[in-house]
Amino acid sequence: MIKKILHTSDWHIGRKLKNKERYEEFKKFFAWLEDVIKNENIDALLVAGDIFDNTTPGTKAQDLYYSFLSRIAESNCRHVVIISGNHDSPAFIDAPKDLLKIFKIHVVGQACENPEDEVITLNGSSGEPELIVCAVPYLRERDVRIFSVSDDIGKIENSLLEGIKNHYEKVFAQSLKIRRDSKIPIIAMGHLFTHGGRVTDGDGVRTLYYVGTAVEVESNLFPEFLTYTALGHLHSPQKISRENIRYSGAPFAMGFGEAGTKKAVCVLELDGENLISVKEIPVPVFQRLERISGGLEKIFSELESFGNEKESIWLDITYSGEEISGSLQEKISEYIKKFPLLEILSLRDESRKQNEIFKTEKTKSLEQFTELEMFELCLDENKVPDSQREIFMRMYRDILNKLEE
């Protein structure tokens, strides 16, 4: 029987930070994850979506993914189940499905018309069922559309939630048919935003929009008979309403806003259909990130402090001193040369006087605007009446969501 399961998600292979490639971090993470699987005697690995950072992963990203899976197939881990997330291409994830299945690696890239195709039965060495997994990938608008775009926002939101609920209920019902009267544990997997979930500023998590409408499901979507629910999409490890409904979170900081935050994978221990424990195993920091803010004296002081440490540190620096320094970039870049392990990825000048000039001129750099703020300015400029703004904003959010997919 399956006794130990590892739950992870949101790898975002191929993601960059301020245009800095992070492949070394991914390599170190996968090597560490292999050790955890070996040392913890993991029987099954669950990966809850956002395998890649975009729908067209590069050669390096693909190589990391398939190399890791090939090594896991030869390890003590007997089963792997992977679902796609909102950043993944469903077709790309599904493409090697038949080949991977030979190695007991099961992937579900896109929602299936037949709910049975999203229910995966994991069998033991003698062929007996030992775990049922409801592997529901990220549900896109086309998977749950039961409304008209002319409907008001309230009706659209209710229809979307109903569509998502109906999809999961069909999959759950199918899992109960397969289990019948046996004591096989059932685990659910999903990639979505659950109400009450915690996000961190700068963690890279986007609200999921369907036809411009933000959708968050309630935790009661997941019934009591489930032994555990393994979720993906939110990047901080956390439980939702019950001990057995969890996000494992992303394995490392997606941006400087997450610098210093805890990252983890979840290890479940089962006794038949009973969940004995859930243990969060902290993920090591493979690339340290630090933020520095203040005047030049404070910035130089902190550079000295970090420079005395024996590890690579990527820096996000914000100058907020009183004096306007036209040669700020040159001064800091020259100062940091004596610390070869420090690297500046972002440097901003937000001095008070500089901001006052911006306010006087009523200007703002493009990078300081979000896509929605830019669109709202466009609506202001064209004097679009309030009665029409809502529908335009909804349509624009829909466009952004489709572009991201």
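For the structure itself, look to the data block above.
Okay, so let's go over this structure. (Residues numbered from 1 in each chain as written. Predicted model: local features only at pLDDT ≥ 70, side-chain atom pairs only at ≥ 80, totals over all residues. Heavy atoms only, no water.)

**Some points on the environment of W11**
Here W11 is to be found in the loop between β1 (4–8) and β2 (16–17). Taking relative accessible area as the criterion, W11 reaches 1% and is therefore assigned buried. Put simply, W11 and H235 are 224 residues apart on the chain and 9.6 Å apart in space, counted from C-alpha to C-alpha. Those residues in contact with W11, other than ones at most four positions away along the chain, are F26, F29, F30, L33, V47, G49, D50, I51, Y65, F68, P251 and M254. Only 3.1 Å separates the side chain of W11 from the side chain of T8, close enough to count as a polar contact. (Helix = DSSP H or I, 4+ residues; strand = E, 2+ residues; numbered from the N terminus. Buried < 20%, exposed > 50% of the residue type's maximum accessible area, 1.4 Å probe, protein only. Contact = heavy atoms within 4.5 Å. Polar contact = N/O pair within 3.5 Å; in protein donor to acceptor, adjacent residues only side chain to side chain.)

**Some points on the nonpolar core**
For soluble globular proteins, the rule of thumb is that nonpolar side chains tend to be buried together. Residues W11 and I13 are the most contacted members of the largest nonpolar core, which totals 37 residues. When residues of this core are traced back to their parent elements, those giving at least two are α1 (23–39), β4 (44–48), α2 (59–73), β5 (79–83), β6 (105–108) and β15 (264–271). Each residue touching I13, except ones within four places of it in the same chain, is listed here: F26, F30, I51, F52, D53, A61, L64 and Y65. If you look at the next biggest cluster of nonpolar residues, it comprises 28 residues, including L139, L226, L234 and I245. (Core = buried A, V, L, I, M, F, W, Y, C linked by side-chain atoms within 4.5 Å.)

**Side note on unusual backbone geometry**
Look at D10: it is not a glycine, yet its phi comes out positive at around 50°. Within the secondary structure layout, D10 lies in the loop between β1 and β2. With a phi close to 55°, R180 is a non-glycine residue in the positive phi region. With respect to the element layout, R180 can be found in the loop between α6 (153–179) and β9 (186–191).

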